[in-house]
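Architecture and fold: a report
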Amino acid sequence: MEVLFGTVAYFEQEIQRHVLKEEKNKIAQIAENLELDLKFNFVCHEDLRKECLQNLSHASKKLLQATDQKLEKIPC
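Residues numbered from 1 in each chain as written. Predicted model: local features only at pLDDT ≥ 70, side-chain atom pairs only at ≥ 80, totals over all residues. Heavy atoms only, no water.

1. Focus on a nonpolar patch on the surface
What counts, and what does not: Grouping into patches uses exposed residues only, defined as over 30% relative accessible area, and leaves out salt-bridged ones; the cut-off is 9 Å for like charges and 5 Å for nonpolar side chains (Val, Leu, Ile, Met, Phe, Trp, Tyr). Here the Shrake-Rupley method, with its probe set to 1.4 Å, supplies the accessible areas, and only the displayed protein chains count as covering residues. Salt-bridge detection follows one rule: a side-chain nitrogen of Lys or Arg within 4 Å of a carboxyl oxygen of Asp or Glu. For helices the rule is a DSSP run of H or I covering at least 4 residues; for strands it is a run of E covering at least 2, with both sets numbered from the N terminus onward. Per-residue accessibility, obtained with a 1.4 Å probe over protein chains only, is compared with the maximum for each type, and a residue is labelled buried under 20%, exposed over 50%, and partly exposed between these values.
On the surface, a nonpolar cluster with roughly 290 Å² of combined accessible area is contributed by Phe11, Ile15 and Val19. Positionally, Val19 belongs in helix α1 (residues 8-40). The class for Val19 is partly exposed, based on a relative accessible area of 47%.

2. What about the packing of aromatic side chains?
Applicable threshold: Two rings from Phe, Tyr or Trp (for Trp, the six-membered ring) form a pair when their centres sit within 6.5 Å of each other. Planes less than 30 degrees apart are called stacked, planes more than 60 degrees apart edge-to-face, and all others tilted.
Evaluated as defined, the whole model comprises two aromatic pairs. Between the aromatic rings of Tyr10 and Phe11, the centroid separation amounts to 5.2 Å while the plane-to-plane angle is 75°, which identifies the pairing as edge-to-face.

3. Quick look at helix α2 (residues 46-73)
An α-helix turns once per 3.6 residues; consequently, residues spaced three or four apart project the same way. For the record, the criterion: Expected helix span is taken as 1.5 Å per residue step, with the number of steps being one fewer than the number of residues. It only takes one pair of heavy atoms within 4.5 Å for two residues to be counted as in contact.
Its 28 residues give α2 an end-to-end C-alpha distance of 41 Å, which sits within 8% of 40 Å, the value for a rise of 1.5 Å per residue. Taken residue by residue, α2 has Arg49, Leu56, Ser60, Thr67 and Leu71 as its buried positions. The inward-facing, buried residues of α2 abut α1.

4. A closer look at the pattern of salt bridges
Considering all chains together, one arrives at four salt bridges under this definition. Of the charged contacts, one joins Glu14 and Arg17 as a salt bridge, the two residues approaching to 2.5 Å between their closest N and O atoms. A residue pair is termed a helical-turn pair when its members lie 3 or 4 positions apart in one helix, as Glu14 and Arg17 do in helix α1 at three residues. For Glu14, a relative accessible area of 22% puts it in the partly exposed group. Residue Asp68 is joined to Lys24 by a salt bridge in which the shortest nitrogen-to-oxygen separation is 2.7 Å. Linking Asp68 in helix α2 with Lys24 in helix α1, this pair joins segments that are 44 residues apart in sequence. A residue is classified by how much of its surface remains accessible, and Asp68, at 27% relative accessible area, is partly exposed. Residue class for Lys24 comes out partly exposed when judged on its relative accessible area of 27%.

5. Things to note about the packing of α1 against α2
The description of two packed helices rests on the angle between their axes and on the distance between the axes. So the rule is basically this: Note on method: axes are straight lines fitted to C-alpha atoms, helices fitted across the in-contact stretch only, with angles between N-to-C directions ranging 0 to 180 degrees. Should an angle fall under 35 degrees it is called roughly parallel, over 145 degrees roughly antiparallel, and 65 to 115 degrees roughly perpendicular, with every other angle called oblique. For this classification, Asp, Glu, Lys and Arg are treated as charged, while Ala, Val, Leu, Ile, Met, Phe, Trp, Tyr, Cys and Pro are nonpolar and the rest, including Gly, are polar.
At their nearest, the axes of α1 and α2 sit 10 Å apart, and the two run at 175° to each other. Comparing the axis directions of α1 and α2 gives the class roughly antiparallel. Residues Arg17, Leu20, Lys21, Glu23, Lys24, Ile27, Ala31, Leu34, Glu35, Leu38 and Lys39 of α1 form the contact with α2, whose own contacting residues are Arg49, Cys52, Leu53, Leu56, Ser60, Leu63, Leu64, Thr67, Asp68, Lys70 and Leu71. Per-class residue counts for the contact of α1 with α2 are eleven nonpolar, two polar and nine charged.

Below, the structure written as structure tokens:
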């Protein structure tokens, strides 16, 4: 179904698209802040630090992929 410019459905899609892009940016920024904390502020054994950084990487990738999937579902 094609959504016409200026309709309620059109604006709903545009708002959803912008919200999801902002969500993606926020996820990336939060992950970056956590990574910096783990690298420079968190005092622990190096093996634990590496494990935490790997887990953070997996978690952020998973959330970013979920956001991408939501974006793909919004018709252009």
